[in-house]
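Coordinate analysis (summary)
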Amino acid sequence: MSSSAESYPISKRNRVVRRPMRGHYDKATVHGILDAALLCHIAYVIDGQPYCTPTSFWREGGKLYWHGSSASRMIRSQGAGLPVCLTVTHMDAIVLARCGFNHSVNYRAVMAYGVAHLISDPEEKARLMDRFLERFFPGRASLMRRPTKQEIKATSFIGMEIEQASAKIRDLHVHDEEADYAVPAWTALLPVRTVLGKIEECPRQLPGVRKPRGMKGYVAGRPMDEIFAEAYRAYEKAFD
Ligand SMILES: Cc1cc2nc3c(=O)[nH]c(=O)nc-3n(C[C@H](O)[C@H](O)[C@H](O)COP(=O)(O)OP(=O)(O)OC[C@H]3O[C@@H](n4cnc5c(N)ncnc54)[C@H](O)[C@@H]3O)c2cc1C
């Protein structure tokens, strides 16, 4: 395995073989893709059956965390120390080419490997509950009602040290075989963005309660990956 303080170790498990020039292992690139997302998919195997569960997550240094109902099969199984692969994907464009083979998509993706473990200490669970909220913007937890003992009991948190990770990025325009440029097919790059929709305040909002200053970046029409990345930087600064 080759590695450095700035990069994740590389082995057969995470070395990008298909299109290796698109592979990255440095922490700045891997973390940048993770921090621009709220949603991940976590793959794991129970009794030989693979599952891949979508859920929300966040990063603290070299660790990833997610949570769920204490009754959840995913949580109960992973908590016992299951190897997992957590993936994040941002689709950036659809690439329409002059033949089916050259159709493609632009993307930024991460696959992160580690062993999941259950966090059972109630104080650490309460801290993680706050961190999950703070991930949206620092200071959010202090605006909330504190979690009850029952809520903390009903919620389980799973943590995973990132043992290895790979990022894969495609950021190219239409690319066809030279002879195919004579084909009169319409080709294009179709940029794809997930943007924040028009914010709908709760109809039961108390009079005078304003959108917190920390949420000023949450503006309708803005790409969510930008918003999440910015919020993550503020969160990281607050807990440095
Ligand atoms: C939105 C999207 C759409 C895609 N569509 C297609 C498609 O239609 N057809 C297709 O063949 N491929 C597609 N890919 C690429 C696909 O994810 C794989 O990279 C590719 O299929 C090669 O898989 P492999 O297991 O053979 O790769 P290998 O290179 O053998 O994988 C070895 C290791 O490289 C790393 N790795 C591989 N792929 C990724 C990745 N995407 N992100 C992070 N790490 C990675 C992993 O750690 C993996 O274990 C798409 C990717 C994205 C994000």
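The structure we're discussing is the one just above.
1. Points about the overall build of the chain
From N to C terminus, the chain includes six helices and 11 strands. Taken over 240 residues, the chain has a buried fraction of 40%. Within the chain, residue pairs in contact and separated by at least 24 positions form 69% of the contacts whose partners lie at least 6 positions apart. By element, 58% of the accessible surface of the chain is carried by carbon and sulfur atoms, the whole surface being about 14,000 Å².

2. Overview of helix 3 (residues 122–134)
One full turn of an α-helix is made of 3.6 residues, so residues set three or four places apart face in the same direction. Over its 13 residues, helix 3 extends 18 Å from the first C-alpha to the last, a length consistent with the 18 Å expected when each residue adds 1.5 Å. K125, A126, L128, M129, R131, F132 and E134 are the residues of helix 3 that are buried.

3. Side note on the packing of aromatic side chains
Using the criterion set out here, one finds seven aromatic pairs in the structure. A ring pair is formed by Y44 and Y51, whose centres lie 5.8 Å apart and whose planes are at 20°; its orientation type is stacked. For Y44, a relative accessible area of 3% corresponds to the buried category. Aromatic pair W58 and F132: ring centres 5.3 Å apart, planes at 35°, arrangement tilted. One end of the pair, W58, is in strand 5 (residues 49–60); the other, F132, is in helix 3, with 74 residues separating them in the sequence. Take W58 and F132: they sit in the same class, and that class is buried. Members of the aromatic cluster, joined through ring pairs, are W58, Y65, F132, F136 and F157. Here the guanidinium or amino end of K27 rests over the ring plane of Y8, the centre of that ring lying 5.2 Å away. We note R131 situated over the ring of F239; from NZ or CZ to the ring centre the distance is 3.8 Å.

4. Structural notes on the site of the ligand
The environment of the ligand is made up of 14 residues, and the closest members are R13, V17, Y113, S166 and K168. Contacts to the ligand include R15, whose backbone N or O atom sits 3.3 Å from an oxygen atom. Between the ligand and the protein, one listed contact pairs an oxygen atom with a side-chain N or O atom of K168 at 2.7 Å. A total of 870 Å² of accessible area belongs to the ligand in isolation, and the protein chains cover 56% of it. Elements with a contribution of two residues or more to the shell around the ligand: strand 8 (104–119) and strand 10 (164–170). When residues of the shell around the ligand are assigned to their parent elements, the largest contribution, five residues, is made by strand 8. Of the residues contributing to the shell around the ligand, the split by class is seven nonpolar, three polar and four charged.

5. Focus on the pairing of strand 5
Relative to strand 5, strand 4 (residues 39–46) runs antiparallel, the two being bridged by eight bridges. Across the sheet, the residue bridging to I42 is T53, located in strand 5. Where strand 4 folds back on strand 5, the antiparallel hairpin that results is connected by two residues, among which D47 adopts a positive phi of roughly 50°. Across four bridges, strand 5 lies against strand 6 (residues 63–69) in antiparallel orientation.

6. Brief notes about the pattern of salt bridges
Proximity of charged atoms lets side chains of opposite charge pair with each other. On inspection of all chains with the given rule, the structure shows 13 salt bridges. As a salt-bridge pair, R59 and D35 come within 2.8 Å of each other at their nearest N and O atoms. Within this pair, whereas R59 is found in strand 5, its partner D35 is found in helix 1 (residues 27–35), the two being separated by 24 residues in sequence. The pair formed by R59 and D35 is uniform in burial state, with each residue classed as buried. The salt bridge involving R108 is made with D225; its shortest N-O contact spans 2.7 Å. Of the two residues, R108 sits in strand 8 while D225 sits in helix 6 (residues 224–238), which places them 117 residues apart along the sequence. Because the salt bridges share partners, they merge into one network encompassing E60, E124, R127 and R131.

7. Regarding the side chain of R135
By the secondary structure assignment, R135 is in the loop between helix 3 and helix 4 (140–143). Of the buried charged residues, R135 lacks a salt bridge, with D35 as the closest side chain of opposite charge at 5.7 Å. Excluding residues that lie within four positions of it along the chain, R135 makes contacts with D35, A37, L38, W58, F228, A231, Y232 and Y235.

How each quantity is defined
Positions within a chain are numbered from 1, following the residues in the order the chain's sequence is written. Where local features are concerned, this predicted model is filtered to residues with pLDDT of at least 70; where side-chain atom pairs are given and counted, the filter is 80 or more; whole-chain, interface and lining totals use all residues. Side-chain metrics in this entry use all non-hydrogen atoms of the structure; hydrogen atoms and water are not considered. Numbering goes from the N terminus for both helices and strands, where a helix is a DSSP run of H or I of at least four residues and a strand is a run of E of at least two. Working definition: with a 1.4 Å probe on protein chains only, accessible area under 20% of the residue-type maximum means buried, over 50% means exposed, and in between means partly exposed. We call two residues in contact when some of their heavy atoms are within 4.5 Å. Per-residue accessibility takes into account occlusion by the displayed protein chains alone, with areas from the Shrake-Rupley method and a 1.4 Å probe. In this analysis, the expected span of each helix is defined as 1.5 Å times one less than the number of residues it contains. Stacked, tilted and edge-to-face are the three classes assigned to paired rings of Phe, Tyr and Trp, where Trp is represented by its six-membered ring and a pair needs centres within 6.5 Å; plane angles under 30 degrees give stacked, over 60 edge-to-face, the rest tilted. Placement of a positive charge over a ring is assigned whenever Lys NZ or Arg CZ falls within 6 Å of the ring centre and within 35 degrees of the normal to the ring plane. We call a residue near a molecule or strand when any one of its heavy atoms sits within 4 Å of it. Polar contacts, as used here, are pairs of N or O atoms within 3.5 Å; protein pairs need one atom able to donate a hydrogen and one able to accept it. Residues neighboring in sequence count only if both atoms are side-chain atoms. Under the convention adopted here, Pro, Cys and the residues Ala, Val, Leu, Ile, Met, Phe, Trp and Tyr are nonpolar, Asp, Glu, Lys and Arg are charged, and Gly plus all remaining residues are polar. Pairing between two strands requires that DSSP report at least two bridges joining them. We define a salt bridge as a contact between a side-chain nitrogen of Lys or Arg and a carboxyl oxygen of Asp or Glu at a distance within 4 Å. Note on charges: Lys and Arg go in the positive column, Asp and Glu in the negative column, and His and the chain ends are not counted at all.

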